[in-house]
Amino acid sequence: MTYVLCCSDHSNPAPLSATATTITGLCADPTLLSTVPDDADRLVLGLHLADADLSRFQASMRKLGFDPLGVGIVDLTHFTTPAAVEIVLAGVIARTEAFAGATPEQIKLEPAGRISRRSLLSALALLSIGAPAIDHDLCVARDGCRACVVACPVDALSWRGGVVEYDKTVCVTCGICITTCPTGAVVNPTITREGIEAQIRAIIETAAVPPGIRFVCRTAEPRNRPGFFDVGVACTGMLTPGWLLAPLTLGAASVDALSCDQGGCRLENEGQLATAVTDARTVLTTLGIEKERIAGDPRPGLLPLGAVASPGILAPGADTRVIRELARLVGVTDAKADLRSAQLGTIRIDPTTCTACRMCAHLCPTDALSSASLLDGIVIDFDPGACVGCSQCLTICPEIERGAISLEIRFDLQDWENGRREVRRDTAPRCERCGKPIAPSAMLDRITAMLGPEHAKTLELLTTLCLDCRGR
C-alpha cells in the first residue's frame, strides 16, 4: 500500500505513524503522481478535495495503471491533528485493501462535481463512479424474486423471463438495491459490505477512545463533527436499521448519518433514512440501550457495548444478525418490537384460505419458508430468523386477496430462538391410476368451489387423476 500526501501551504498535519510519499502541489497538478514508485500495488491519496479536480486525478491514475475506483482518497480539509488523520487513513486503507476490482459494467460516468479551469476549457469533465451489477449465480430472479426491481426508485431494474435486467443509463447509484437484495447478488465494487465493515473496524481499532461512526452520501459536502469519522455509502437512503446499528456491535460508541438534505446529496432519500433511524432507535430502546447512540447527542465518554462481532456482520440478513448481536452484548434474551422498514419479519398463514400450493416456499429467496412432501400430503415450515421481510411470498400468493398470507415487520428474540416451525399442513388425495399425490386437498376444494357443479366431469378428472395420468 502506497500513501501519497499532498504537501502544500495547508496546515493539515501528516499522520503519526504512516509512511507517506509527500508531493508538493499535488492537489493542483495530478500529473505529479508520475513520481509514485513503480512497485506500488495499491494507492491511497491524501488530498484537499476543495482544491482538487478528481476527473484529472482519475486520468492520471489510469496512466499509471491504477483502477480509479480502487484508489482510496483521504480528504484532509477538516482535520487538525495527526491523530485524526491517522484514524481516517487507517479506515481508508482497510477499505482500499478490500477492493476486489471492477468490471466494465460496474463503471458509470457522471459530470464531475469539481472541475478545474483547464478541464472546463478542454472538454466536459467526467468522473468514473461505481455502479451495481447483478451476480446471476447468486440472484434468484429465476425463481421469481423481484425485490430489487420493486425497491429501485428510478426503474433502472426490470424483471424479464427470470432475469433481472439493469439499465445503467437510468441508474442513480443510490445503493438501495444493494441492501434490498436478499441474497447479496447486487454488487457495487465501491460500496461493498466487506469494504465498509473493514473501514469501520479499522477506524475503531486505531482510535484511542471509542469513536462515533457517521455514514455519509457519496456526494456529501464535507462537514466536521468532533469525535465522529465518516464512512461513505452510495446514499444514506440505502441504510437499513441493521446497517445503522452495526457499528455499535463493532465497538463504536455511537452512530450518526447525514440525510441527503443535510449532506447536499441530490437523491433526496432522506425519508428512507428517517424511517430507518426511527426503527434503529426503537431496537435500542427495546433492548435497554440508550437511543441517543443513534443519530442523537451521545454523552461524552460513552463506552462501547462490549466485545466486537465476528466478521460478516453486514452480510445479507444484517438486520436480524445485528439485533441478535446487540441483545447478546447487553444480555437480553426476551424482547420484541414492531418496526417499519427493517429487513426481517414474521410470516402468518391462514389455514382457512391458504390452498397449500407452496408457491410462497418455492419463491422464498432465503428459504425462510420451505416445504416438503409427505406420504399423506404436504407441510410448510417457517424460520423467522431467516426472514428478511422481502415480501416476495406475498406478491406470488394466488390467494393474497383472501388473506392467505401476511407479513409483520417485527423482531422477537424468543421466536428467533425457537427456530423453524410448521405453519401449514394439508393432506393430498392420491391418483386412482398410479397412486401419486394429486394436489393438496385445500387446493382441490378451492377449484371445486370456483368451477361449481356445472363442471362436474372436469372436477371428477381433476380430483381423481394426477397431472401425468390426465394426459394418457
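Report follows, based on the coordinates. Keep in mind that what you see is a predicted model, and the values were worked out from it rather than measured.

**Concerning helix α2 (residues 82-97)**
(1) Moving on: Spanning 16 residues, α2 covers 22 Å between terminal C-alpha atoms, matching the ideal 22 Å at 1.5 Å per step.
(2) Moving on: With 12 of 16 residues buried, α2 is to be regarded as a mostly interior element.
(3) Moving on: Those residues of α2 that fall on the buried side of the exposure criterion are A84, V85, E86, I87, V88, L89, G91, V92, I93, A94, R95 and T96.

**Details of a negative patch on the surface**
(1) Moving on: On the surface, D38, D39, D41 and E97 cluster together into a patch of negative charge.
(2) Moving on: Given the relative accessible area of 56%, D41 is considered exposed.

**Focus: the side chain of D415**
(1) Moving on: Looking at the secondary structure, you find D415 in helix α13 (residues 413-418).
(2) Moving on: What makes D415 buried here is its relative accessible area of 14%.
(3) Moving on: If we skip the residues at most four places from it in the chain, D415 touches T346, P384 and R421.

**Notes on the packing of aromatic side chains**
(1) Moving on: All chains considered together, the criterion is met by 1 aromatic pair.
(2) Moving on: For the pair F411 and W416, a centre-to-centre distance of 6.0 Å together with 40° between the ring planes defines the contact as tilted. Take F411 and W416: they sit in the same class, and that class is buried.
(3) Moving on: The side chain of R146 reaches across the aromatic face of W159, ending 3.6 Å from its centre.

**Thoughts on the nonpolar core**
(1) Moving on: Residues I196, F215, L244, L245, L326 and F411 are the most contacted members of the largest nonpolar core, which totals 85 residues.
(2) Moving on: By residue number, the principal contributor to this core is α2, which donates 7 residues.
(3) Moving on: Not counting residues within four places of it along the chain, the set of residues in contact with L245 comprises A280, V283, L284, I294, V322 and L326.
(4) Moving on: Formed by 18 residues, the second largest nonpolar core is a distinct cluster that contains C360, I378, C397 and I405.

**Quick word on the sheet that holds strand β20 (residues 421-427)**
(1) Moving on: In spatial order, the strands read β16-β17-β20; together these 3 strands make up an open sheet with antiparallel pairing. At either end of the open sheet lies a strand with only one pairing partner, and these are β16 (369-374) and β20. Strand-to-strand twist across the sheet, computed as the mean angle between neighbouring axes with direction ignored, equals 20°.

Parameters and conventions
- Residues numbered from 1 in each chain as written.
- Predicted model: local features only at pLDDT ≥ 70, side-chain atom pairs only at ≥ 80, totals over all residues.
- Heavy atoms only, no water.
- Helix = DSSP H or I, 4+ residues; strand = E, 2+ residues; numbered from the N terminus.
- Expected span 1.5 Å × (residues − 1).
- Buried < 20%, exposed > 50% of the residue type's maximum accessible area, 1.4 Å probe, protein only.
- Patch = residues over 30% accessible without salt bridge, like charges linked within 9 Å, V, L, I, M, F, W, Y side chains within 5 Å.
- Areas by Shrake-Rupley, 256 points an atom, 1.4 Å probe, with all protein chains shown as cover.
- Salt bridge = Lys/Arg side-chain N within 4 Å of Asp/Glu carboxyl O.
- Lys, Arg positive; Asp, Glu negative; His and termini not counted.
- Charge placed at Lys NZ, Arg CZ, Asp CG, Glu CD.
- Contact = heavy atoms within 4.5 Å.
- Phe/Tyr/Trp six-rings, centres within 6.5 Å; stacked < 30°, edge-to-face > 60°.
- Lys NZ or Arg CZ within 6 Å of the ring centre and 35° of its normal.
- Core = buried A, V, L, I, M, F, W, Y, C linked by side-chain atoms within 4.5 Å.
- Pairing = 2+ DSSP bridges.
- Axes fitted to C-alpha atoms, helices over the stretch in contact; angles between N-to-C directions.

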